[in-house]
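# Architecture and fold: a report
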Amino acid sequence: MERVLKRGELPLDKNEKVALSLSGGLDSVTLLHYLVDHVGPENVYAISFDYNQRHDYELMCAAKQVELAGLPENNYQVVDVSFMGDIAKNISAMVRSDLKIPSVQQAIGDPQPASYMPFRNLIFSSLVAAFAESNGVNNVALGIQRVDQLGYWDTTSEFVNTLQKVFDLNRKNRVRMITPFVEASKTDEILLGHELGVNYKLTWTCYNG
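Residues numbered from 1 in each chain as written. Predicted model: local features only at pLDDT ≥ 70, side-chain atom pairs only at ≥ 80, totals over all residues. Heavy atoms only, no water.

Once that is clear, we can look at the packing of helix α5 (residues 120-134) against helix α6 (residues 157-167). Between α5 and α6, whose axes approach to 12 Å, the crossing angle comes to 35°. Our pair here, α5 against α6, has a crossing hand that is right-handed. Of α6, the residues touching α5 (which contributes Asn121, Leu122, Ser125 and Ala129) are Phe159, Leu163 and Phe167. Of the residues in the contact of α5 with α6, the class split is 5 nonpolar, 2 polar and no charged. (Axes fitted to C-alpha atoms, helices over the stretch in contact; angles between N-to-C directions. Helix = DSSP H or I, 4+ residues; strand = E, 2+ residues; numbered from the N terminus. Left-handed = near helix turned anticlockwise from the far one by under 90°. Contact = heavy atoms within 4.5 Å. Nonpolar A, V, L, I, M, F, W, Y, C, P; charged D, E, K, R; others polar.)

Rendered as structure tokens:
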């Protein structure tokens with residue numbers, strides 16, 4: 001079977017700038033290295049979000065991956081959105097300690113597993129887009145992936161296409177969404193990551209890993 005994801009096939013020119021939402025998980029970390037391989041570390045801006053998540057080890061992984069990818073110090077920041085943890089504390093296992101975080105196998109088939117964080121990708125995408133517009137960056141990259149579509153409405157192609165239509169309403173500074181994994185498999189992602197030399201030991205999943 002032909003590989004879906006290949007080096008050099010991102011819809012970006014070699015000198016284009018791109019802003020990435022970086023969680024420290026497999027998907028966004030693979031995308032970080034994919035982008036750096038394509039446009040160079042100086043053209044990639046990574047933003048991580050601290051929303052009082054229980055597994056804040058992912059932020060340590062994100063910072064280490066940024067270092068390994070060679071991003072300049074000013075190209076990475078962690079944004080405090082702890083208010084999201086307060087908002088979601090009644091329903092999300094990501095911030096509520098008495099709820100069990102499901103495994104990947106347990107999440108399959110559940111239309112909204114306990115690991116769902118309300119409107120997380122919409123909020124993060126909007127904040128990264130705001131950073132992009134404010135800093136002359138025309139592209140926003142998200143590592144959303146098709147396996148997660150089984151449980152999360154905000155990782156689907158429909159979500160990406162609809163949000164792009166919202167971004168296109170901007171009258172002056174258009175921002176384009178880059179989501180190369182949205183129709184890819186985890187296998188394709190990992191094969192690409194190994195080709196790029198990604199250290200997956202320094203990643204952390206939202207599920208019960």
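This part covers the sheet that holds strand β5 (residues 176-178). Taken together, 5 strands build an open sheet; the order of strands is β3-β2-β1-β4-β5 and the sheet is parallel. Strands at the two margins of the open sheet, each flanked by one partner only, are β3 (76-80) and β5. Strand-to-strand, the axes of this sheet are offset by a mean angle of 25°, without reference to chain direction. Two elements, strand β4 (residues 139-141) and β5, share 3 bridges in a ladder whose sense is parallel. Along β5, the bridge assignment pairs Val140 with Met177. Taken strand by strand, helix α1 (residues 26-39) contacts β1 (18-21), β2 (44-50) and β4, and its axis lies near 165° from that of β1. (Pairing = 2+ DSSP bridges.)

The values reported here are purely geometric and, on their own, carry no functional implication.
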